[in-house]
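Residue strings, one per chain:
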Amino acid sequence: MKLVVVSAGLSVPSSTRLLADRLAAATGRYASVDVQVVELRDLAVEIAHNFTSGFPGRALSAALEAVTEADGLIVVTPVFSASYSGLFKSFFDVLDQDALTGKPVLIAATGGSARHSLVLEHALRPLFAYLRAVVVPTAVYAASEDWGAEGLAERIDRAAGELGRLMEGLGSGAGAVRRAEVADTAGAADEADASVVVDTDTAAAIAPRSLDGALASADRFTVIPFEQQLAALRP
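My aim in this report is to walk through the structure given alongside it, one point at a time. Residue numbers restart at each chain and count upward from 1, following the sequence in its written direction. Owing to the predicted nature of the model, reporting of local features is limited to residues with pLDDT of at least 70; listing and counting of side-chain atom pairs is limited to 80 or more, with chain, interface and lining totals taken over all residues. Each side-chain value is worked out from all heavy atoms of the structure, with water and hydrogens disregarded.

1. Concerning the packing of aromatic side chains
Pairing of aromatic rings covers Phe, Tyr and Trp, the last counted by its six-membered ring, and requires centre-to-centre distances within 6.5 Å; plane angles under 30 degrees mean stacked, over 60 mean edge-to-face, and any other angle means tilted. Under the definition given, this model contains five aromatic pairs. Both rings, one in F91 and one in F92, keep their centres 5.2 Å apart while their planes meet at 85°; by these two values the pair is edge-to-face. Members of the aromatic cluster, joined through ring pairs, are Y84, F88, F91, F92 and F128.

Here's what the structure looks like:
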């Protein structure tokens, strides 16, 4: 399985990258993974150009493809102004909105003070929930004083275990089918809201339409807009 680590650290060496590497190594103890690291620092110029041109450069395109095809993600950002960094957010802004649907994600952050630890819950978790990723329950925050102190290693191991087991579960046959169903359901929901399917032979409304049924007898069905159905019911 492919595990992609997205690190938004800016300095060299970077505590953000250090945390990302420890999380990846810990995940490898719970699942068989091939790790690829995406350093956003190296993609900053291409990300900015993508906003103005609408086209990713070669390195950015490869990074976006890696994230899209990954079986799981570890994302780590430094805390700037009580939130994730602008570079971190910009990368996920240029990523296709459906790329993370159903994908396991472990969120983490680093900062100079423990007082910023809630950034995980008020910023990162809502972002990846919006992108319809499956965010593991345990998030990891590392303040400056956490390095070498008790507790950080245990949080890393717990979060990595959750990600590894989730990746293993979704990597099985039943899990892979479930991920496909999550993606299909997201698109089908909008279609179900917009229309009602009617069997023209029996004039019986069928809602919601099953995909296999519609494909098997598409010539017997017609789609009537929901607004037209409502108009027919009005006196």
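2. Focus: the packing of helix 2 (residues 44-53) against helix 4 (residues 86-94)
Here helix 2 crosses helix 4 at 50°, and the two axes come no closer than 10 Å. Considered as vectors, helix 2 and helix 4 are oriented oblique to each other. Where helix 2 crosses over helix 4, the two elements pack in a sense that is left-handed. Residue-level contacts link A44, I47, N50 and F51 of helix 2 to L87, S90, F91, D93 and V94 of helix 4. Residue classes follow a fixed rule: Ala, Val, Leu, Ile, Met, Phe, Trp, Tyr, Cys and Pro count as nonpolar, while Asp, Glu, Lys and Arg count as charged, and any other residue, Gly among them, counts as polar. Taken together, the residues of the contact of helix 2 with helix 4 break down into six nonpolar, two polar and one charged. Angles run from 0 to 180 degrees between N-to-C directions of axes, and those axes are lines fitted to C-alpha atoms, restricted for helices to the stretch in contact. Helix and strand definitions here come from DSSP, where helices need a minimum of 4 consecutive H or I residues and strands a minimum of 2 consecutive E residues; each element is numbered from the N-terminal end. Working rule for angles: under 35 degrees goes down as roughly parallel, over 145 as roughly antiparallel, 65 to 115 as roughly perpendicular, anything else as oblique. Crossing chirality is assigned from the near helix's rotation relative to the far helix, an anticlockwise turn below a right angle marking it left-handed and a clockwise turn marking it right-handed. Any two residues whose heavy atoms approach within 4.5 Å at even a single point are treated as in contact.

3. Topic: unusual backbone geometry
Across the junction of V12 and P13, the peptide omega takes the value 0°, indicating a cis bond. Looking at the secondary structure, you find P13 in the loop between strand 1 (2-7) and helix 1 (15-27). The phi dihedral of S81 falls on the positive side, at around 50°, and the residue is not glycine. Classification of S81 by relative accessible area gives exposed; the value is 78%. Partly exposed describes any residue whose relative accessible area lies between the buried limit of under 20% and the exposed limit of over 50%, with all areas from a 1.4 Å probe on protein chains only and scaled to the type maximum.

4. Thoughts on helix 1
It helps to recall that an α-helix has 3.6 residues per turn; residues three or four apart then point in one direction. Working rule for helices: expected span equals 1.5 Å times residues minus one. Look at helix 1: 18 Å from first C-alpha to last across 13 residues, which is about the 18 Å you get at 1.5 Å a residue. The inward-facing, buried residues of helix 1 abut strand 1, strand 2 (34-39), strand 3 (72-80), strand 5 (104-111), strand 7 (140-143) and helix 6 (152-171). In protein, a polar contact means a hydrogen-donor-capable atom and an acceptor-capable atom, both N or O and within 3.5 Å, with residues adjacent in sequence counting only if both atoms are side-chain atoms; elsewhere, any N or O pair within 3.5 Å suffices. The N-cap residue of helix 1 is S14: its side-chain oxygen and the backbone nitrogen of T16 are 3.1 Å apart.

5. Details of the side chain of T138
Residue placement: T138 occurs in the loop between strand 6 (134-135) and strand 7. Contact partners of T138, with chain neighbours within four places excluded, come to L106, R155, R158, A159 and E162.

6. A word on the nonpolar core
By convention a nonpolar core is built from buried Ala, Val, Leu, Ile, Met, Phe, Trp, Tyr and Cys residues, the set being connected through side-chain atoms within 4.5 Å. In this structure, F88, F91, F92 and F128 are the most contacted members of the largest nonpolar core, which totals 40 residues. Take this core: its biggest share by element is six residues, from helix 5 (residues 119-130). When sequence neighbours within four positions are dropped, the list of residues in contact with F91 reads V6, L40, L43, I47, L60, A63, L64 and V67. Counting 22 residues, the second largest nonpolar core, distinct from the first, contains L3, A20, V33 and A160.

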